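# Structural characterization, general
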Amino acid sequence: MRRGAARPRPSRWPALLVNAALVLAAAATLVPLLWMVSVSLMPTGEANVFPPAFLPSRVTFEHYRALFSRLALGRYLLNSTLIASAVTLVSLLLNAMAGYAFAKLRFAGRDRLFGLLLAALVIPTQVALLPLFLLMRWLGLVNTYWGVVVPAMASVFGIFLVRQFALSLPDELLDAARIDGASELRIFRSLILPLCRPVLLTLAIFTFLATWNDFTWPLVVLSDGSMYTLPIALSNLSGEHFRDTELMMAGAVLTITPVLLLFIALQRYYIEGILLGSVKE
Amino acid sequence: MSGDRAAAAAAGARGAAARRGVPAEARAALWLLAPGLAVIGVFFLLPAAAALLLSLTDFDIYALADLGNLRFVGLGNYRRLLADPIFWTALRNTFYFAFVGGPLSVLVSLVAALLLDSRLARWRGLFRTVFFAPVVTTLVAVAVVWRYLYHPRFGLLNRFLGWVGLPAIDWLGDPRWAMPAIILLAVWKNFGYNMIVFLAGLQNVPATLYEAARIDGAGWWRQLRHITLPMLAPTFLFVAVITMIGYFQLFTEPYVMTRGEGGPVNSTLSVVLLMYKQGFRFWNMGYGAAVAFVLFVVIVCVTALQLLLRRRGGERA
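Note that the structure is predicted; figures quoted are calculated from it, not measured.

### Comments concerning the overall build of chain B
- Within chain B, the regular secondary structure consists of 15 helices and zero strands.
- For 317 residues, the compact-globule formula gives about 20 Å, and the C-alpha radius of gyration of chain B, at 25 Å, lies well above that figure.
- For chain B, the C-alpha atoms occupy an extent of roughly 70 × 70 × 40 Å along the three principal directions.
- Partitioning the intrachain contacts of chain B with sequence separation of at least 6 by distance along the chain shows that 67% fall at a separation of at least 24.

### Thoughts on the interface of chain A and chain B
- Contact with chain A, which involves 77 residues of that partner, is made by 81 residues of chain B.
- No other element matches helix 1 (residues 13-40) of chain A, which puts 14 residues into the side of chain A that touches chain B.
- Residue classes in the side of chain A that touches chain B are distributed as 59 nonpolar, 14 polar and four charged.

### Examining the confidence of the model for chain B
- Put simply, chain B has an average pLDDT of 89, and 92% of its residues get 70 or more.
- Across the interfaces of the predicted complex, the ipTM metric reaches 0.88, alongside a pTM of 0.89.

### Quick word on unusual backbone geometry
Residues and elements named next belong to chain B.
- Pro264 follows Gly263 through a cis peptide bond whose omega is -5 degrees.
- In this structure, Pro264 sits in the loop between helix 13 (252-257) and helix 14 (271-281).
- For Trp123, which is not glycine, the phi torsion reads 45 degrees and is therefore positive.
- The residue Trp123 is located in the loop between helix 5 (85-117) and helix 6 (124-136) in this model.
- With 13 C-beta atoms packed within 10 Å, Trp123 lands in the partly exposed category.
- Even without glycine at this site, Val265 takes up a positive phi of about 35 degrees.
- Take Val265: it is sitting in the loop between helix 13 and helix 14.

### Details of the nonpolar core
- Ala98(A), Ala252(A), Val145(B), Val291(B) and Ala292(B) are the most contacted members of the largest nonpolar core, which totals 145 residues.
- At 14 residues, the largest contribution of residues to this core is made by helix 3 (residues 73-104) of chain A.
- If you count residues domain by domain, this core takes at least three from each of domain 1 (13-60) and domain 2 (73-278) of chain A.
- Sequence-distant contacts of Ala98(A), defined by excluding residues within four places in its chain, comprise Ala154(A), Ile159(A), Leu32(B), Leu33(B), Gly36(B) and Leu37(B).

### Description of the confidence of the model for chain A
- With 95% of its residues at a pLDDT of 70 or more, chain A has an overall mean of 89.
- Here residues 1-5 of chain A is modelled with pLDDT under 50, and outside its nearest four sequence neighbours on either side it reaches one contact, counting other chains as well.

### Quick look at the packing of helix 6 of chain B against helix 9 (residues 175-203) of chain B
Residue and element names in this part refer to chain B.
- Where helix 6 contacts helix 9, the axes come no closer than 7 Å and their chain directions differ by 120 degrees. Comparing the axis directions of helix 6 and helix 9 gives the class oblique. Two packed elements cross with a definite hand, and for helix 6 against helix 9 that hand is left-handed. Where helix 6 abuts helix 9, its residues Phe131, Phe132, Pro134 and Val135 lie against Trp188, Lys189, Asn190, Gly192, Tyr193, Met195 and Ile196.
- Split by residue class, the contact of helix 6 with helix 9 holds eight nonpolar, two polar and one charged.

The rules we used
- Residues numbered from 1 in each chain as written.
- Chains lettered and ligands numbered in written order.
- Predicted model: local features only at pLDDT ≥ 70, side-chain atom pairs only at ≥ 80, totals over all residues.
- Helix = DSSP H or I, 4+ residues; strand = E, 2+ residues; numbered from the N terminus.
- Rg over C-alpha atoms; globule rule 2.2 N^0.38 Å.
- Contact = placed C-beta atoms within 7 Å.
- Nonpolar A, V, L, I, M, F, W, Y, C, P; charged D, E, K, R; others polar.
- pLDDT = per-residue confidence, 0-100.
- Buried ≥ 20, exposed ≤ 12 C-beta atoms within 10 Å, placed from the backbone.
- Core = buried A, V, L, I, M, F, W, Y, C linked by C-beta atoms within 7 Å.
- Domains from an automatic or database assignment.
- Axes fitted to C-alpha atoms, helices over the stretch in contact; angles between N-to-C directions.
- Parallel < 35°, antiparallel > 145°, perpendicular 65-115°, else oblique.
- Left-handed = near helix turned anticlockwise from the far one by under 90°.

Next comes the structure, spelled out in structure tokens:
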């Protein structure tokens, strides 16, 4: 069977095994999310029965209505959207500026400065948490949108990502623009920003999702209920209404859906970001 | 890039200019760098450095009201910390999470990547999206969902256990099972990320290596052991380092699943959760800063150890 020019007909078993394993793993991955949706549509009390049910006996949207009318989740949805959009827009600009400068502009000590910045990646963000809170308190930014937005306006990771991409832009293009008399500002605005579009889109999705999902810092800096982002509101709600399982699940669905849709729509850019961030240099 | 001598000379000139700097570009760089670096400096590096100073003081609620009440206590917080059994519990829990959850997470990522990379796999794009979906979900929301999955009576997990004839487990109520429950959630949530990194690594393994091995009669297992895994070594190191650094910062999972307590009987209390409770619930900010700083030192040591072990391994090979 091993010999002969014709390849032996492969056994069907390995293929079956590989695909069965994939289907099983996919089911295990999806069950928590599907059950979350299913329970959010159950009439009150149906989630607390034994043995647990997989599907609602009758589909109802009452919990989603309750979230918006009784629990004012619309406000938190707005807060989360505003904060995540502001962080994304501002940090995109500042990271693009710095990333481009590190990649393409020639100044003394550039690579040493960039190395120092990368070394800061070992410092866990939690180390800065307590003093950062005191700083924000001193600046009067505790319990404001700015308190969440300001510390996130630039990031080492974002600068790194833009630099990695900008390194591949041809120097000749910049030199030609300079010979034509373009100012450095103009080169950045009209040449670099458009060329960096793919990496900026990647970074935008990364930043938006990370800000939307962030828990620790908003938990620390936002103390007034009306300022909460969705994750903080959900965490509080799950403490107070922990018996209203169906309501909690509806809240979880509402928190996850926007980011999940965004990811599915722009998946390619997100995954490119992971790869750009993990290549060895 | 081309063999052209003029281009090489131009590149050489650029290299020299890059080292010395070009005045017009240096001026532009200053303006472009200043905002971003200022934000990182003021809102990250400065507070991180201040944490060290804060940990040498008895900053508490009285100091919060009036800085006149602040006293320098030297290494007092660290001495108190080392004598505090709660701190050691938190440290042990964090090591448990990182050293069991971290490797498990990497292993699941690797298996998922190998399955997806197999030539026999179908609908790869679909499976990849499904496996990745938990990564982009909001941790707080899925922690709420999993808390319910773990419910001893109404949760699905015990129902599945019942199907295969296993007894029900009080996942979050039993101190022996609470940390495994949190590890399971973390693995489910995170494996998709490293899977993507591994997939990229797998695609970089030259196909000719596998062809040669097949001609030599090497089976699936020997190809995995002697080609795939050695070729993945650099990817492995990157994934291991990043995963461990992340896992040492465990906070949100126990916070949401145990309503901010780290229970039952402190079995899921992590170092960061302890820092949070000390700093923001009891306002013992000096003590909390000392906790944070110990975590920093632990992370640096573990990262250095991983890099060192890897270098040793590289020399032997």
